[in-house]
Amino acid sequence: MNRMKLRQILLVFLFSFAATAQDYPPNVNRTSSWIIYQAIPSFSWTSFPSQKNFAFEWEVAPLVYSWGMTKQVSPWSSFIVNPVRRFTGSIELIFSAQVYTSNPGASNFGYSAQLLGHFPLIELGEHLALNLGVAQYVVNNLSSTYYVVGASSLFGLLHYNVKYAPSADVWINAIEVRLF
Amino acid sequence: MAIAGILLIVSWEGCNPLPFQFFSRIVGRSIAPTELVPNKVADPIRKDVRLSVLWIGHASTLIQIHDKVFLTDPIFTKTVGMLAKRSVEPGINPASISRVDFTLISHTHMDHFSYGTLTTIPRQGRLFVPPNALEYVPELGFAETLEMQWWKTVERDRVKITSVPVQHFSGRYGFDSPWMYNTGYNGYIIEYAGVTVFFGGDLGYNSTLYKDIGVKFKIDLALLPIAPVEPRDFMKRIHTDPAEALQVFEDVGAQWMIPIHHSTMYQGLEPRLSFAKEELDSIVTARGMGDRVFILRFGEQKVWE
């Protein structure tokens, strides 16, 4: 991808809210676009009792139930999830993988499963939604249950979640980018 | 800050100041006060009228044809897409709208399909959305929601509404626009009791499309967008400027025109917010079209008895 193309894509993304856009390539495949978008990582800072670790995180949502959408569409979606389906009220199953930039112990890798609910607060959740849920993280071969609370904003694209595991006394601060 | 940083880098790297100009315009407006609209119409729904149009701002209009009330692309929020602040407040208090029979959405962009607005207006009527837009429609409590494929006509309460193709683009978040390339947007023809209105929504110029609409319908009034204008190369495919809007007006063969989609918020790089309106005014004056093209002030209601 040349620099001009990259710049056009960034422009289109950044200025869509102003309803100003350049020509688009026709019939872009939704699935292939979605796969590319999923490469954009989320970020988290994990505070273990003895150390702090930064991690990149990638998430997929194999199952989402949305109760805030018009009844004319199915409340169920899988993997490719329009943000409006999340922030207008939903609960989703999320699988994620983490890569820690500094070794937290036995390995640089972790993985998790989360059950996360989104509850609209402002403008049907498009401006602000509350996130509540539970997560099971496996890091350092140690599996812990976390409670999750946070908020999503910027049209459901940006999430900030705090996760706490009382049994291990571990905190995770996560900034999550969810593009479909 | 992150977005600002990315914009700066992209601008610098590509030697193209366009995104920086857009961003600085939007940020500049966010600190400027919103202009108030004096003497708003308190009771816009009239007892005895053939046709009336109240321009609320941007593409939002309140149309009354005899006893039926229509609301187009309603936006009453202070910002659009959280970041772009409207420069002029809505031309009517939403509480003044006691009844809406038909709410028409032309596409899913945030300056036309406002979730925050649709939860504040009367929803006892019907909501019309463009092709393949249901995926963007929350449960809003309307009596009926209809997804309108191009050239589909539905009749409700003796009102015929037809979805017509226009030239624009869709999606809501930017990254979804590519796969909504040729769908998710439309215009509407409203036919009721001998009156026909064309609501153009948001469109670029395409003579074939609009002449075809003119062949199929005998239009009394066309509501047509005239902005954003600049930079023209960037906008041309998707936004008509005043001269092109007048050409659409001629192509569809309408009797009257009211310009929409201008002067409400910065979406282009015009030297001033009223640029498109002033340009239209000068063309209309030069061509002697003042009895056919009505440039309304915010909150002004044009009435045909």
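Residues numbered from 1 in each chain as written. Chains lettered and ligands numbered in written order. Predicted model: local features only at pLDDT ≥ 70, side-chain atom pairs only at ≥ 80, totals over all residues. Heavy atoms only, no water.

Secondary structure assignment for chain A yields three helices and nine strands. The secondary structure elements of chain A, listed N-terminal to C-terminal, are α-α-β-β-β-α-β-β-β-β-β-β. Within chain A, the proportion of its 180 residues that are buried is 49%. Considering only contacts within chain A whose residues lie at least 6 apart along the sequence, 46% involve residues at least 24 apart. Total accessible area on chain A stands at roughly 8,200 Å², and carbon and sulfur atoms take up 68% of it. (Helix = DSSP H or I, 4+ residues; strand = E, 2+ residues; numbered from the N terminus. Buried < 20%, exposed > 50% of the residue type's maximum accessible area, 1.4 Å probe, protein only. Contact = heavy atoms within 4.5 Å. Areas by Shrake-Rupley, 256 points an atom, 1.4 Å probe, with all protein chains shown as cover.)

What follows deals with the packing of aromatic side chains. Here the structure, examined in full by the defined rule, presents 24 aromatic pairs over all chains. Between F113 of chain B and Y115 of chain B, the aromatic rings sit 5.3 Å apart at their centres with planes inclined by 85°, giving edge-to-face as the arrangement. Judged by relative accessible area, F113 of chain B falls into the buried class, the value being 1%. Taking relative accessible area as the criterion, Y115 of chain B reaches 0% and is therefore assigned buried. Three or more aromatic residues joined by ring pairs make a cluster, and in this case those are Y37 and F180 of chain A together with Y136, Y173 and F175 of chain B. In this arrangement the basic side chain of R172 of chain B is found over the ring face of Y115 of chain B, its NZ or CZ atom lying 4.1 Å from the centre. We note K302 of chain B situated over the ring of F294 of chain B; from NZ or CZ to the ring centre the distance is 4.1 Å. (Phe/Tyr/Trp six-rings, centres within 6.5 Å; stacked < 30°, edge-to-face > 60°. Lys NZ or Arg CZ within 6 Å of the ring centre and 35° of its normal.)

This paragraph deals with the confidence of the model for chain A. Residues with a pLDDT of 70 or more make up 84% of chain A, whose mean pLDDT is 85. Low confidence marks residues 7–26 of chain A, where pLDDT is under 50. Its contacts with residues over four positions away, or in another chain, come to 54 contacts. (pLDDT = per-residue confidence, 0-100.)

Attention now goes to the sheet that holds strand β14 (residues 256–260) of chain B. All names here are of chain B. Within the open sheet, the six strands sit side by side as β9-β10-β11-β12-β13-β14. Their pairing is mixed. With partners counted over all chains shown, the strands left at the sheet margins are β9 (153–156) and β14, one partner each. Neighbour-to-neighbour, the strand axes of this sheet turn through a mean angle of 15°, independent of strand direction. Lying over the sheet, helix α6 (residues 242–252) contacts β12 (195–199), β13 (221–225) and β14, oriented at roughly 150° with respect to β13. (Pairing = 2+ DSSP bridges. Axes fitted to C-alpha atoms, helices over the stretch in contact; angles between N-to-C directions.)

Summarising the element assignment, H261 of chain B is placed in the loop between β14 and α7 (275–287). Looking at H261 of chain B, its side chain comes within polar contact range of the side chain of H112 of chain B, at 3.1 Å. (Polar contact = N/O pair within 3.5 Å; in protein donor to acceptor, adjacent residues only side chain to side chain.)

Residues and elements named next belong to chain A. Three or more residues of helix α2 (residues 30–38) are buried, namely S33, W34, Y37 and Q38. Taken down its axis, α2 places every buried residue within 135° of arc, on the same side. Seen from the buried face of α2, the exposed residues on the opposite side, beyond 90 degrees, are I35 and I36. Contacts from the buried residues of α2 go to β2 (52–66). (Arc of directions from axis to C-beta.)

Before going further, it helps to examine unusual backbone geometry. All names here are of chain B. With an omega of 0°, the peptide bond between A227 and P228 qualifies as cis. Checked against the element boundaries, P228 lands in the loop between β13 and α5 (232–235). With an omega dihedral of -5°, the bond running from E230 to P231 counts as a cis peptide bond. Inspection of the secondary structure assignment puts P231 in the loop between β13 and α5.

What follows is about the packing of α6 of chain B against α7 of chain B. All names here are of chain B. The interhelical angle for the contact between α6 and α7, taken along N-to-C directions, is 55°, at an axis separation of 9 Å. Considering their axes alone, α6 and α7 lie oblique with respect to each other. Contact with α6, carried on its side by P242, A243 and L246, involves A276, E279, L280, I283, V284 and R287 of α7 and no other residues of that element. Here the contact of α6 with α7 is built from residues that sort into seven nonpolar, no polar and two charged. (Parallel < 35°, antiparallel > 145°, perpendicular 65-115°, else oblique. Nonpolar A, V, L, I, M, F, W, Y, C, P; charged D, E, K, R; others polar.)

Residue and element names in this part refer to chain B. Residues with a pLDDT of 70 or more make up 92% of chain B, whose mean pLDDT is 91. Segment residues 8–14: pLDDT under 50, and 10 contacts once partners within four positions in sequence are set aside and those in other chains are kept. Across the interface, the model reports ipTM at 0.86; the global pTM reads 0.88.

All names here are of chain B. Within the secondary structure, E35 sits in the loop between α2 (18–30) and β1 (51–57). Once the C-alpha coordinates of E35 and Y181 are considered, the two residues, 146 residues apart in sequence, prove to be 35 Å apart. Residues within four places of E35 in sequence aside, it is in contact with S87, V88 and E89.

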